[in-house]
Amino acid sequence: MTTPLSHTALHDLSVQELTQALQTKQVSAVEAAQHFLQRGRTHATLGAYVDVNEDATLRQARAADARIAAGTAGALEGLPLAHKDIFVTRDFATTAGSRMLKGYRSPFDATVVDKLAQAGAVTLGKLNCDEFAMGSSNENTAIAAVGGEAVVPVRNPWNTNRIPGGSSGGSAAAVAARLAPAVTGTDTGGSIRQPASFCGITGIKPTYGRASRYGMVAFASSLDQAGPMARSAEDCALLLSAMCGPDADRDSTSLDVPAENFALKLNDSIEGLRIGVPKEFFGEGLSADVRASVDAALKQYEQQGAKLVPITLPRTELSIPVYYIIAPAEASSNLSRFDGVKFGHRAKDYGDLADMYKKTRAEGFGDEVKRRIMIGTYVLSHGYYDAYYLQAQKIRRMIADDFQNAFKSCDVIAGPVAPTVAWKIGEKSDDPVANYLADIFTLSGSLAGLPGMSIPVGFAAAEADKGMPIGMQLLGNYCQEARLLNAAHRFQQATDYHLAKPAGF
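Residues numbered from 1 in each chain as written. Predicted model: local features only at pLDDT ≥ 70, side-chain atom pairs only at ≥ 80, totals over all residues. Heavy atoms only, no water.

Q: Would you take a moment to explain a nonpolar patch on the surface for this structure?
A: Nonpolar side chains collect at one region of the surface, where Val341, Leu353 and Tyr357 lie side by side and expose about 250 Å² of accessible area between them. Here Leu353 is to be found in helix H10 (residues 353-364). (Patch = residues over 30% accessible without salt bridge, like charges linked within 9 Å, V, L, I, M, F, W, Y side chains within 5 Å. Areas by Shrake-Rupley, 256 points an atom, 1.4 Å probe, with all protein chains shown as cover. Salt bridge = Lys/Arg side-chain N within 4 Å of Asp/Glu carboxyl O. Helix = DSSP H or I, 4+ residues; strand = E, 2+ residues; numbered from the N terminus.)

Q: Any chance you could explain the side chain of Asn435 here in plain terms?
A: Take Asn435: it is sitting in helix H13 (residues 432-437). Its relative accessible area of 10% is what places Asn435 among the buried residues. In this view, Asn435 contacts Ser136, Ser137, Trp423 and Lys428; residues no more than four positions away in its chain are not counted. (Buried < 20%, exposed > 50% of the residue type's maximum accessible area, 1.4 Å probe, protein only. Contact = heavy atoms within 4.5 Å.)

Q: Would you explain helix H7 (residues 233-243) in this entry?
A: Note on helix geometry: an α-helix contains 3.6 residues per turn, so any two residues three or four positions apart are oriented the same way. The buried fraction of H7 amounts to 9 of the 11 residues, a majority that puts the element mostly inside the structure. Of all the residues in H7, the buried ones are Ala233, Asp235, Cys236, Ala237, Leu239, Leu240, Ser241, Ala242 and Met243. Gly245 lies just past H7 and shows a positive phi near 140°.

Q: Can you help me understand the nonpolar core in this one?
A: What tends to happen in soluble globular proteins is that the nonpolar side chains get buried as a cluster. One finds Phe132, Tyr301, Met472, Leu474 and Leu485 to be the most contacted residues of the largest nonpolar core, which totals 147 residues. Top element by residues in this core is helix H9 (residues 319-334). It accounts for 9 residues. Filtering out sequence-adjacent residues up to four positions away, Met472 remains in contact with Val294, Ala297, Leu298, Tyr301, Ala414, Gly415, Val417, Met453, Ser454, Ile455 and Val457. (Core = buried A, V, L, I, M, F, W, Y, C linked by side-chain atoms within 4.5 Å.)

Q: Where do I start with the pattern of salt bridges in this structure?
A: A side chain with one charge can pair with a side chain of the opposite charge if their charged atoms come near. Taken as a whole and assessed by the stated rule, the structure comprises 21 salt bridges. A salt bridge links Arg397 to Asp401, with the nearest nitrogen and oxygen atoms 3.8 Å apart. Note that Arg397 and Asp401 are positioned in helix H12 (residues 385-406) at a spacing of 4 residues, about one turn of the helix. Three or more residues are tied together by salt bridges with common partners; here these are Asp12, Arg178 and Lys501.

Q: It is not clear to me how the pairing of strand S7 (residues 274-278) should be interpreted in this structure. Could you clarify?
A: On any regular strand, side chains alternate: one points to one face of the sheet, the next to the other face. In terms of residue burial, S7 counts as a mostly covered element, since 4 of its 5 residues are buried. The sheet contact formed by S7 and strand S8 (residues 307-311) spans 5 bridges and is parallel. Opposite Arg274, over in S8, you have Lys307 as the bridge partner. For the segment spanning S7, helix H8 (residues 288-303) and S8, crossover handedness is right-handed. Sheet topology note: the S7/strand S9 (residues 412-416) ladder contains 2 bridges and is parallel. Within the sheet, the bridge partner assigned to Ile275 lies in S9 and is Val412. (Pairing = 2+ DSSP bridges. Right-handed = clockwise from strand over helix to strand, strands pointing away.)

Listed below in structure tokens is the structure:
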């Protein structure tokens, strides 16, 4: 290992480098945990963390050091990481960014949290997110960040006047600002890929069902998927290897596909790799900076022997109305459990049971959650189910078929993650449709259940957005995460966008 180790340099180590330093006892798990906890305190104004429990973190770190000393260390032994506040955890509060669950403490850990713990990871805390993962900007959170009293949106480390993306905005900001080497996120319609792009980091959403949803606070059950966010494809591969695997006893949507080591084929040649370039991803509305960075990245792939193949995904535009029918419908059903009876917030003053339901939900849910519940209830109601929900499911199948037709002529699909770079805080907060339209390139892959990732490919040059990160999206066929990670890793071996960090961090 050539990277010099010092207390101040710990946060600049990759997951692979830090794991090696821990295994070889160049640094202890306790020292690493303390370093990142201090980083979180120093940069608390970003609003990334919504809960920390230093006693629990250091207890886990001491246990990791003991296993390293005993020679029984796991693959990620002692690695500090943080979890999106959508995964339930025993030692940390789980709020899903909502007043409805403020202060809630789960009696068990989510499967993803448990799997990472079994691999030896040490939990630093819980990360901010849009309420119930509903949002593209992290402006919909209803929980105050650690160190603050007022509820404020997470800030993008590259420009603190801008959003970090959503709903995994706290996760992306934490990695970009070096507050954690790696984190977990969830992706329902782009909530790993879009914030990864906006914050200049790497994130991957695996095939739907590869990582268990057990213990994830549900938004849209047929779309929600957990995934890692880190600085590089190599780091994501190490985490994803620990996160995935069957969980049929607890998650009926879990795929019966064994866990695999996604790092094994990272260095394979991409000579002859066929990269599909959908014309629908490069039309009107795409900013010149984003297009230039993605085009340059595609040229870099050609230099490594990959072949660009023009393809078409004709129903791309339909992904927005389809998603915003199906996802709210499932949210309407999933969020009916928050009624003030069993757990979570309950209104103090009410007349009868119906009044308690109404007041509890009116007080506990934010505007965006209420909006989606109302949409979902409407499209599922008598007389509208066939006209809206059923039609949306039919088009969803057609969107999935479009991808399968495309994969007959290509191995992976590449394009922008979002039409623009991160916008200013408050710029779109009064226009929910503008937020929805920002997901145009990520929704179709989610509707089809495909694996997708975002990798940093450049920075905006236009004066208004100068220096803001730009990501490129890679989409693969079902269970082809290893191929995606290989393509991403080979690009990152030839470029250094993923190594850049925001000033002051």
